[in-house]
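# Chain and residue survey
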Amino acid sequence: MIKTGSFSKIISLLLCVFTLAFSLSSCGKKDIIATYTADGKDYTVTEKEFDFFMKYRKYEYFYSSYISAKYDTADFWSTKIDDGNTIDKTLTDSVIRTAKTVAVEKYLMDKYGLTLDEADVKKAKEDSKTAEKNYGGAGAFKKYWGYTGDDYYEYQLSVLRSKKVYDYLFSDAGSLVLDDGQLEEYYKEHYKQYQFILINTKKKIATDDEGNKQYLVYDESGNSVYVTDISKEFLEEKKYTLGYNYKYEDLTDEEKEKKSTLAEELIAQLKNGADFKELAVANSDNFYSSYYPNGLIVDGDLVNDDKVIEALKDLEIGSYTDAISVSSGDYIYIIKRVELKEKAYKDAEENAEDKEYAELFKDYIDTVKSSKYSNYLEELCASVVTNDAIINKYNMTKTYLSQAIRERDNYYN
């Protein structure tokens, strides 16, 4: 499956994702788990706040990853993932980083003389009370979620503080204002451009009676619709949203046999000087091969498969891979790395003449800001002192999982 950074890598303001390599030590206060000391004052996060973060993070993980509550077991949480850590440790460490971030952002509010908007604070309070009421009162709310309406209110204030600090630092008065040089530096460091051919050995792109490819779009109600015209004018007229995919149908046995040798034929043509771009547009079963004929620009991995990642690791500009079979031969990739288009992120600017990559880079400024903000917080969070005696009592295995996940399971089962 194609994975593009601009579609999927927007960094949360509250969670700064980084690794801190230093020893944790006790701050000496019974209910304080994180302390940031600056300008002669301590900015702290309490165990009560940390307890909420653990419960909220566990719920968020199950909800966003669409994991069933049946996996809330010691065996699941002890499963090791790519970095060698268990799922439990990875998520708990993310909560520790959140706590450090919250302590630092409390300090930054003071440092820059920032205050929360009264209307926002009032709304946050009203929302927490309304939430309790909707669940039958404070007691029922806590039983359902594992935390109180007041805990939820304090969390909303943390989010508001994070946004307030973030917006200030990137304002004209702040210290993190981006310039063109930083935008270009991030682009060159993080992005690569590839042309590629994907051969689906089980399916083919569906066409209409006249041989036109059928594309997936969504109507105003979110229903799938298949069309042969994806021009901007047509989509706007029909109020369709592009689905970035084709409609597919099964291959006949004869077609399967032909597809089984297609990769070898294409490699032979490339060796004889055939144009990769032309072959990709004509033969690839992936939407992006023809939508971005000059190459798809990605932040991260082009394809989330270990064999493909390994093949691309040292691929030089102008070179292409051999045929790479993935998913037990269901898909075959041939990939060429091409020179990165100069400042493609500018395609997203309103007055840009060339809009080829506008969709990929519509959130580029926010992506760079989030990265810069995370790096800024990382330096400050390195000085946060944490209380091991309290933190070591916590883990995801023992943390309460919201009833909302169990109800969702029942609904879909």
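Residues numbered from 1 in each chain as written. Predicted model: local features only at pLDDT ≥ 70, side-chain atom pairs only at ≥ 80, totals over all residues. Heavy atoms only, no water.

## Let's talk about the nonpolar core
F50 and Y373 are the most contacted members of the largest nonpolar core, which totals 53 residues. Of all the elements, helix α4 (residues 87-111) adds the most residues to this core, at 11 residues. If sequence neighbours within four positions are ignored, F50 has contacts with I33, V45, V95, I96, A99, I391 and Y394. Judged by nonpolar contacts, the second largest core, of 40 residues, contains L183, L198, V227 and V368. (Core = buried A, V, L, I, M, F, W, Y, C linked by side-chain atoms within 4.5 Å. Buried < 20%, exposed > 50% of the residue type's maximum accessible area, 1.4 Å probe, protein only. Helix = DSSP H or I, 4+ residues; strand = E, 2+ residues; numbered from the N terminus. Contact = heavy atoms within 4.5 Å.)

## Some points on the pairing of strand β9 (residues 296-299)
In summary, the side chains of a regular strand alternate between the two faces of the sheet. The alternating pattern of β9 places L296 and V298 on one face and I297 and D299 on the opposite face, and all of these are buried. Examined bridge by bridge, strand β3 (residues 191-200) and β9 share 4 bridges and lie antiparallel to one another. Residue pairing for β9: K192 is matched across the bridge by V298. (Pairing = 2+ DSSP bridges.)

## Overview of helix α12 (residues 276-283)
One turn of the α-helix equals 3.6 residues, which is why residues spaced by three or four share an orientation. Within the span of α12, buried status applies to F276, L279 and A280. Mapping the buried residues of α12 onto a view down its axis gives an arc of 100°, with all of them on the same face. Away from the buried face of α12 by more than 90 degrees, exposed residues E278 and A282 are located. Buried residues along α12 sit in contact with β3, α11 (262-271), α13 (287-291) and β11 (331-338). (Arc of directions from axis to C-beta.)

## Description of the packing of aromatic side chains
A full pass over the atoms with the stated rule returns 51 aromatic pairs. When the ring of F196 is compared with that of Y333, the centres are 6.5 Å apart and the planes differ by 40°; the resulting orientation is tilted. Within this pair, whereas F196 is found in strand β3, its partner Y333 is found in strand β11, the two being separated by 137 residues in sequence. Counting every residue linked through ring pairs, the aromatic cluster contains F52, F53, Y56, Y59, Y63, Y135, F141, Y144, W145, Y147, Y152 and Y155. The side chain of K125 reaches across the aromatic face of Y153, ending 4.5 Å from its centre. In this structure, K247 is placed above the aromatic ring of Y226, and the distance from its NZ or CZ to the ring centre is 5.2 Å. (Phe/Tyr/Trp six-rings, centres within 6.5 Å; stacked < 30°, edge-to-face > 60°. Lys NZ or Arg CZ within 6 Å of the ring centre and 35° of its normal.)

## A few points about the confidence of the model for the protein chain
Predicted confidence across the protein chain gives a mean pLDDT of 92, with 92% of residues reaching 70 or more. Low confidence marks residues 1-28, where pLDDT is under 50. Its contacts with residues over four positions away, or in another chain, come to 85 contacts. (pLDDT = per-residue confidence, 0-100.)

## As for the sheet that holds strand β12 (residues 385-386)
If you trace the 3 strands from one edge of the open sheet to the other, you get β2-β1-β12, paired in antiparallel fashion. The sheet terminates laterally at β2 (41-46) and β12, the two strands that pair on one side only. Summarising the sheet, strand β1 (residues 32-38) and β12 pair through 2 bridges and their orientation is antiparallel. Paired with A34 across the bridge in β12 is T386. Against the sheet, helix α2 (residues 47-64) engages β1 and β2, with an angle of about 45° to β2. Each of β1, β2 and β12 is contacted by α4, which is oriented at about 140° to β2, the strand it contacts most. (Axes fitted to C-alpha atoms, helices over the stretch in contact; angles between N-to-C directions.)

## What to know about the pattern of salt bridges
A full pass over the atoms with the stated rule returns 25 salt bridges. A salt bridge links R57 to E60; the nearest nitrogen and oxygen atoms lie 3.2 Å apart. Here E60 and R57 lie together in helix α2, a separation of 3 residues that amounts to about one turn. Assessed through its relative accessible area of 18%, R57 is described here as buried. The closest approach of N and O atoms between E255 and K204, which form a salt bridge, is 2.8 Å. Here E255, found in helix α10 (residues 253-260), pairs with K204, found in strand β4 (residues 203-205); they are 51 residues apart in sequence, far enough to count as distant. In this structure E255 comes out as partly exposed when scored by relative accessible area, which is 24%. (Salt bridge = Lys/Arg side-chain N within 4 Å of Asp/Glu carboxyl O.)

## Some remarks on unusual backbone geometry
The phi dihedral of K239 falls on the positive side, at around 60°, and the residue is not glycine. Looking at the element boundaries, K239 is found in the loop between α9 (232-238) and β7 (241-246). For S328, which is not a glycine, the phi torsion comes out positive at approximately 55°. The topology assignment puts S328 in the loop between β10 (324-326) and β11. Residue classification places S328 among the exposed positions, given a relative accessible area of 81%.

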